[in-house]
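Secondary and tertiary structure notes
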Amino acid sequence: MAIIHHTTLSPTKLELLTRWLPSRPWYRAGEAASGEQPALAKAGGFRLEDPSGEVGIEFMAVTDSAEGEPVTYQTPMTYRAAPLAGAEDALVGTLEHGVLGKRWVYDATRDPVAVAQLYALLTGRAEAQAQSRSDTPDRTVRVRAATDVPLQDAGTGAVHDGKRSTDVTLVLPVEGSLWLRFLRVPPAHTVPETTDSAAHITVGWTAPDGAPRHGLWCALIDSRE
């Protein structure tokens, strides 16, 4: 069971993301930005549990209202007690946790523990957890599960990430040809075109005006189709 500690973080998660987001090629302000920093607000999300209890896994939605029309980004992160070997380019930053001490924060799409647990969620072997409460399932996260195909190892496989694309596609190390499509900018009120067969996750978040939104966050894709 993952325990949520309500304590201080320095810097905060939003402060880390404020520094990190502008460096991402999929950040919508991009080259047109006037140099103004993102104005981020937490908009929603959920957690997954690491079976070993070592890695914190959080799928967070943040809304940037710095320029023009607000944009909501999916910014999944993992929290580790030590650096993740070979993932230097996926490091979001470090923070001091009031209970656990120094934590290394990574982009979860590049963390094999997070990818394995997201795949477990999509295949009915894991359950989404509330973002801010210990041992509490999040029933608002809707999952259309696929037939269980065990991962051959804990790796994430190749990453197909276009320079300006807001989608990340991970080639999973499974039997067959499965890809995991991960949407950095989740569109509201949408589900995959192949709704009848595609395993996918839809999640709710809150728009800047307080209105509820719900849309696709990630999906399994059979690359042979």
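Look up: the structure comes first, before these words.
Model, not experiment: these values are computed from the prediction.

Things to note about the nonpolar core
A general feature of soluble globular proteins is that nonpolar side chains tend to end up buried together. Grouped together as the largest cluster of nonpolar side chains are 25 residues, with contacts concentrated most on Phe46, Phe59, Leu118 and Ile201. Of all the secondary-structure elements, those providing two or more residues to this core are strand 2 (40-48), strand 3 (56-64), helix 2 (112-122), strand 10 (178-183), strand 11 (200-206) and strand 12 (212-222). Per-element tally for this core: the top contributor is helix 2, with 5 residues. Discounting chain neighbours no more than four positions away, the residues touching leucine 118 are Leu48, Phe59, Leu180, Ile201 and Cys218. Leu17, Met60, Val62 and Val71 belong to the second-largest nonpolar core, a separate cluster that totals 17 residues.

Quick look at the side chain of glutamate 58
With respect to the helices and strands, glutamate 58 occurs in strand 3. By relative accessible area, which is 1% here, glutamate 58 ends up buried. For glutamate 58, the side chain forms a polar contact with the side chain of arginine 47, separated by 3.5 Å.

A short note on the environment of tyrosine 119
Here tyrosine 119 lies in helix 2. Here the alpha-carbon distance between tyrosine 119 and alanine 145, two residues 26 residues apart in the chain, equals 9.6 Å.

Brief notes about the pattern of salt bridges
Applying the stated criterion across every chain yields a total of 6 salt bridges. One salt bridge in this structure joins glutamate 58 and arginine 47, with 3.5 Å as the shortest N-O distance. Of the two residues, glutamate 58 is situated in strand 3 and arginine 47 in strand 2; the sequence distance between them amounts to 11 residues. Accessibility assignment for this pair places glutamate 58 and arginine 47 in one class, buried. Its salt-bridge partner being arginine 80, residue aspartate 111 comes within 2.8 Å of it at the nearest N-O pair. Within this pair, whereas aspartate 111 is found in the loop between strand 6 (101-107) and helix 2, its partner arginine 80 is found in strand 4 (residues 71-80), the two being separated by 31 residues in sequence. Under the relative-accessibility criterion, aspartate 111 is labelled buried at 0%. Residue class for arginine 80 comes out buried when judged on its relative accessible area of 14%. Each of Lys13, Arg47 and Glu58 takes part in salt bridges that share partners, so that together they form one network.

Quick notes on the pairing of strand 2
Where a strand is regular, its side chains alternate between the two sheet faces. Among the 9 residues that make up strand 2, 7 are buried, leaving the element largely enclosed by the rest of the structure. In the sheet, strand 2 pairs with strand 3 via 8 bridges, with the strands oriented antiparallel. Bridged to glycine 44 within strand 3 is alanine 61.

The rules behind each value
Residues numbered from 1 in each chain as written. Predicted model: local features only at pLDDT ≥ 70, side-chain atom pairs only at ≥ 80, totals over all residues. Heavy atoms only, no water. Core = buried A, V, L, I, M, F, W, Y, C linked by side-chain atoms within 4.5 Å. Buried < 20%, exposed > 50% of the residue type's maximum accessible area, 1.4 Å probe, protein only. Helix = DSSP H or I, 4+ residues; strand = E, 2+ residues; numbered from the N terminus. Contact = heavy atoms within 4.5 Å. Polar contact = N/O pair within 3.5 Å; in protein donor to acceptor, adjacent residues only side chain to side chain. Salt bridge = Lys/Arg side-chain N within 4 Å of Asp/Glu carboxyl O. Pairing = 2+ DSSP bridges.

By themselves, these are just geometric observations and shouldn't be taken as functional.
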